[in-house]
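# Secondary and tertiary structure notes
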Amino acid sequence: MNGQQKKFLPRMADFVFRQTLARLEVPVAQCFEEADQEIAALASEWQCPVLSNDSDFYVFHLPAGFLPTSHFQWKEVKRSGSRSYISCRRFYNSSFCAFFGLQHQLLPAFAALAGNDYVKQRGIKWDQFVPKGRETNRPQLEGLLCWLKNFQDPQEALEAAVVLMGQLSENKKEILHRLHVGMEEYEPRGSKLSRFFLHGAPPEFPALEEVIRPLSLKPGCTRTPSSRTPSSRTQTSLG
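## Regarding the nonpolar core
- Ranked by internal contacts, the top residues of the largest apolar core, which has 43 residues, are Leu62, Leu113, Leu144, Trp147, Leu148 and Leu179.
- Considering each element in turn, this core owes the most residues, seven residues, to helix α4 (residues 107–115).

Structural data, given as C-alpha cells:
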C-alpha cells in the first residue's frame, strides 16, 4: 500500500459480530443506510453516551456525550481497587462550541456547509477566515468555524454562504433547500426503536414520502457530510 497503513476487516467479520451478539443475547436493530439520527435519539432518551468512530456525533446534541472508539486505550487495562477499566475520552458539543465561540444551534449548519459536495464544488476558501498567526491542521474547517461565529441564526448563515458561492439568484432557492436537507440530519427527534429494545415491539414502517425524498436528490449535491461512509453501509444500534 505504498508504505501507508490500512485497516481491513475480514470478510466474515460482520457475520461473526452478529453471531457473538446473538450468543450474548444482546438485542440488535439494523438500519439500512444511515442510523445516526436513531442512535442519537436513543442516547438522548436513555441519557447514555454514544460509542462510535463516526465524526457526525460531534455535531449531535448528546446529553451524555460522545465516546470515539479511537480514543479507547484498549491495550492499557487499569485497576482501581477490585475494578478494572480502560481509559477513554468523552466529548460534548457544548465544550466544542465554547472553545470556538460558536452558537450551539449553528452546529448543523457547520456540518451541512463542511460536508456538502455542492458547496465544495464552488471552491469557497474558508481558510481565509482563520486568524493570522494561528496554526491549524484543518484550515478549511477551522476557517468555517471562525466565519460562523459572526452569526446567531442558521438561516442567516446559510444565505450568507450562498452569497460567497457567487451563485445566480435563480439557483439560491435550490441550494438553500439542499443545505437545509443536510441540516435536518442533525435535528433531534423521537426514537423509533425505544419500544423495540424495551418491549420487543418492532418499529413501524416509514411513511412513503420519507423513503422517496432522499432518493430524489440529484447526484453531486449530497445531503450528507463527507465524514460519512457510502450509503450502502448498514449501521447497528445495540441495546
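Here the narrative resumes, following the displayed structure.
## Observations concerning the pattern of salt bridges
- Counted by the stated rule, this structure contains four salt bridges.
- One salt bridge connects aspartate 14 with arginine 18, and the closest N-O pair in it is separated by 2.8 Å. Of the two residues, aspartate 14 and arginine 18 are both situated in helix α1 (residues 13–23); the distance of four residues between them amounts to about one turn of the helix.
- For arginine 18, a relative accessible area of 35% gives the class partly exposed.

## As for the pairing of strand β4 (residues 77–80)
- In this sheet, strand β5 (residues 83–86) lies alongside β4 in antiparallel orientation, the contact comprising four bridges. Residue valine 77 lies in a different strand from β5, and its bridge partner there is isoleucine 86.
- Connecting β4 to the next strand, β5, in antiparallel fashion are two residues, including glycine 81 with a positive phi near 70°.

## Observations regarding the packing of α4 against helix α6 (residues 139–148)
- Packing of α4 against α6 brings their axes to within 11 Å, and their N-to-C directions diverge by 140°. The pairing of α4 with α6 is recorded here as oblique in orientation. Helix-helix and strand crossings are classified by hand; for α4 and α6 the assignment is right-handed. Contact residues: Phe110, Leu113 and Ala114 in α4; Leu141, Leu144, Leu145, Trp147 and Leu148 in α6.

## Points about the side chain of serine 87
- Checked against the element boundaries, serine 87 lands in the loop between β5 and α3 (93–100).
- In contact with serine 87, not counting residues within four places along its chain, are His71, Phe72, Gln73 and Lys78.

## What to know about unusual backbone geometry
- For glutamate 25, which is not glycine, the phi torsion reads 60° and is therefore positive.
- Relative to the assigned elements, glutamate 25 resides in the loop between α1 and β1 (28–32).
- Judged by its relative accessible area of 70%, glutamate 25 falls in the exposed class.
- The residue glutamine 47 is not glycine, and still its phi comes out positive at about 55°.
- Positionally, glutamine 47 belongs in the loop between α2 (36–46) and β2 (50–52).

## Comments concerning a nonpolar patch on the surface
- Where nonpolar side chains cluster on the molecular surface, the patch consists of Met12, Phe15 and Val16 and spans about 280 Å² of accessible area.
- Structurally, the position occupied by phenylalanine 15 is in helix α1.
- By relative accessible area, phenylalanine 15 is classed as partly exposed at 43%.

Conventions we followed
Residues numbered from 1 in each chain as written. Predicted model: local features only at pLDDT ≥ 70, side-chain atom pairs only at ≥ 80, totals over all residues. Heavy atoms only, no water. Core = buried A, V, L, I, M, F, W, Y, C linked by side-chain atoms within 4.5 Å. Buried < 20%, exposed > 50% of the residue type's maximum accessible area, 1.4 Å probe, protein only. Helix = DSSP H or I, 4+ residues; strand = E, 2+ residues; numbered from the N terminus. Salt bridge = Lys/Arg side-chain N within 4 Å of Asp/Glu carboxyl O. Pairing = 2+ DSSP bridges. Axes fitted to C-alpha atoms, helices over the stretch in contact; angles between N-to-C directions. Parallel < 35°, antiparallel > 145°, perpendicular 65-115°, else oblique. Left-handed = near helix turned anticlockwise from the far one by under 90°. Contact = heavy atoms within 4.5 Å. Patch = residues over 30% accessible without salt bridge, like charges linked within 9 Å, V, L, I, M, F, W, Y side chains within 5 Å. Areas by Shrake-Rupley, 256 points an atom, 1.4 Å probe, with all protein chains shown as cover.

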